[in-house]
Amino acid sequence: MADGLPDRADSLSIDASGDADRISPVTVVVCSSCRRPTDPEDLPRPGALLARSTVEAAEGAGVRVRQVACLGNCKRGLSAAILREGSWSYVFGELEPHSGPDLVAGAELFANSSDGFMPFRQRPESLKRGLIARIPTTDSLKEVP
């Protein structure tokens, strides 16, 4: 962490609670080096504040939170991804440092989804307008004719 930014191996962590009602555990991955184009380069970066906000919101929620040094979405930062094994993944941008509760609410919707998709209508507004990409599982890909 020579530059003050977390190493790619560093992580904040909250483990899933094992809630029996959940279909599958969900992980929120926050870009901890993220900043909006208009933000100064000062530390802590707004992405690190978003990671902390997400960890705090996830306490007791059964949602794992991890950080990564860059999600490559710099033009639309602050960014985070929500992952669930065997399901499509979601990448969000244009978040705020205090958007952790929205990410956790989306993760909980996703964890309780029986079809492996995050329901659009129930998502917090920031996750509706900030959707960058929905990434398919490799099993759902089809050959090009």
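Details of the structure are given in the entry above.
Going along each chain's sequence as written, the residues are numbered from 1 onward. Totals for whole chains, interfaces and linings use every residue, but because this is a predicted model, local features are given only for residues with pLDDT of at least 70 and side-chain atom pairs only at 80 or more, for both listing and counting. Side-chain figures throughout are based on the complete set of non-hydrogen atoms in the structure, without hydrogens or water.

**Describing the nonpolar core**
Soluble globular proteins tend to pack their nonpolar side chains together in the buried interior.
So, point 1. Of all hydrophobic cores here, the largest spans 25 residues; its most connected members are Val28, Val30, Val63, Ile82, Phe92, Leu95 and Leu103.
So, point 2. Numbered from the N terminus, helices here are DSSP runs of H or I no shorter than four residues, and strands are runs of E no shorter than two. Sorting the residues of this core by element identifies strand 1 (26-31), helix 1 (46-58), strand 3 (80-84), strand 4 (89-92) and helix 2 (100-111) as the ones contributing at least two each.
So, point 3. With five residues, the single largest contributor to this core is helix 2. Only buried Ala, Val, Leu, Ile, Met, Phe, Trp, Tyr and Cys residues count toward a nonpolar core, and they belong to the same one when joined by side-chain atoms within 4.5 Å. Remark: exposure states derive from per-residue accessible area (1.4 Å probe, protein chains only) relative to the maximum for the residue type, with buried under 20%, exposed over 50%, and partly exposed in between.

**Describing the pairing of strand 3**
So, point 1. Most of strand 3 sits inside the fold, with four of its five residues counted as buried.
So, point 2. Any two strands with at least two DSSP bridges between them are considered paired. Sheet topology places strand 1 next to strand 3; five bridges connect them, and they run antiparallel. Opposite Val30, over in strand 3, you have Ala80 as the bridge partner.
So, point 3. Here three bridges tie strand 3 to strand 4, and the two strands are oriented antiparallel to one another. Note that in strand 4 the partner of Ala80 across the bridge is Phe92.
So, point 4. In sequence, strand 3 turns back onto strand 4 through a hairpin of four residues, with Gly86 there showing a positive phi of about 80°.

**Points about the pairing of strand 2 (residues 64-68)**
So, point 1. The alternating pattern of strand 2 places Val65 and Gln67 on a buried face and Arg64, Arg66 and Val68 on a face that is not buried.
So, point 2. Bridge count for strand 1 against strand 2 is five bridges, and the pairing is parallel. When the sheet's bridge partners are listed, Thr27 is paired in strand 2 with Arg64.
So, point 3. Call a crossover right-handed when, viewed with both strands pointing away from you, the route from the first strand across the helix to the second goes clockwise. Following the backbone out of strand 1, through helix 1 and into the adjacent parallel strand 2, one traces a crossover that is right-handed.

**Some words on unusual backbone geometry**
Negative phi values dominate among residues other than glycine, just as trans dominates among peptide bonds.
So, point 1. Omega for the bond connecting Leu43 with Pro44 falls within 30 degrees of zero, at -5°, which places this linkage in the cis form.
So, point 2. Turning to its location among the elements, Pro44 is positioned in the loop between strand 1 and helix 1.
So, point 3. At Glu94, a position not held by glycine, the phi torsion is positive, near 60°.
So, point 4. The topology assignment puts Glu94 in the loop between strand 4 and helix 2.
So, point 5. In this structure Glu94 comes out as partly exposed when scored by relative accessible area, which is 35%.

**What to know about the pattern of salt bridges**
So, point 1. Counted as salt bridges are all cases of a side-chain nitrogen of Lys or Arg within 4 Å of a carboxyl oxygen of Asp or Glu. Going through the model one piece at a time under the given rule, you end up with five salt bridges.
So, point 2. In this structure, the salt-bridge partner of Glu96 is Arg36, at a minimum N-O distance of 2.8 Å. Taken together, the positions of Glu96 in the loop between strand 4 and helix 2 and Arg36 in the loop between strand 1 and helix 1 put the pair 60 residues apart, joining distant regions of the chain.
So, point 3. Look at Glu96 and you get partly exposed, because its relative accessible area is 32%.
So, point 4. A cluster of three or more residues bridged by salt bridges with shared partners is formed by Arg35, Glu41 and Arg45.

**Details of helix 1**
So, point 1. Taking 1.5 Å of rise per residue, 13 residues should cover 18 Å, and helix 1 covers 18 Å from first to last C-alpha, within 8% of that figure.
So, point 2. Turning to helix 1, its buried residues are Pro46, Gly47, Leu50, Ala51, Ser53, Thr54, Val55 and Ala58.
So, point 3. Packed against the buried residues of helix 1 are strand 1, strand 2 and helix 2.
So, point 4. Note on helix 1: the residue one or two positions beyond its end, Gly60, has a positive phi of about 80°. Given a helix with a known number of residues, its expected span is that number minus one, times 1.5 Å. Every residue pair with non-hydrogen atoms within 4.5 Å of one another is taken to be in contact.

**Some thoughts on the sheet that holds strand 5 (residues 131-135)**
So, point 1. One open sheet accounts for five strands, arranged 2-1-3-4-5; its pairing is mixed. Two strands lie at the open edges of the sheet, namely strand 2 and strand 5, each paired on one side alone. On average, adjacent strands in this sheet sit at an angle of 20° to one another, irrespective of strand direction.
So, point 2. Sitting on the sheet, helix 1 is in contact with strand 1 and strand 2, with an inclination near 155° to strand 1.
So, point 3. Set on the sheet, helix 2 makes contact with strand 1, strand 3 and strand 4; between it and strand 3 the angle comes to about 20°. Lines fitted to the C-alpha atoms define the axes, with helices restricted to the stretch that makes contact. Angles between their N-to-C directions range from 0 to 180 degrees.

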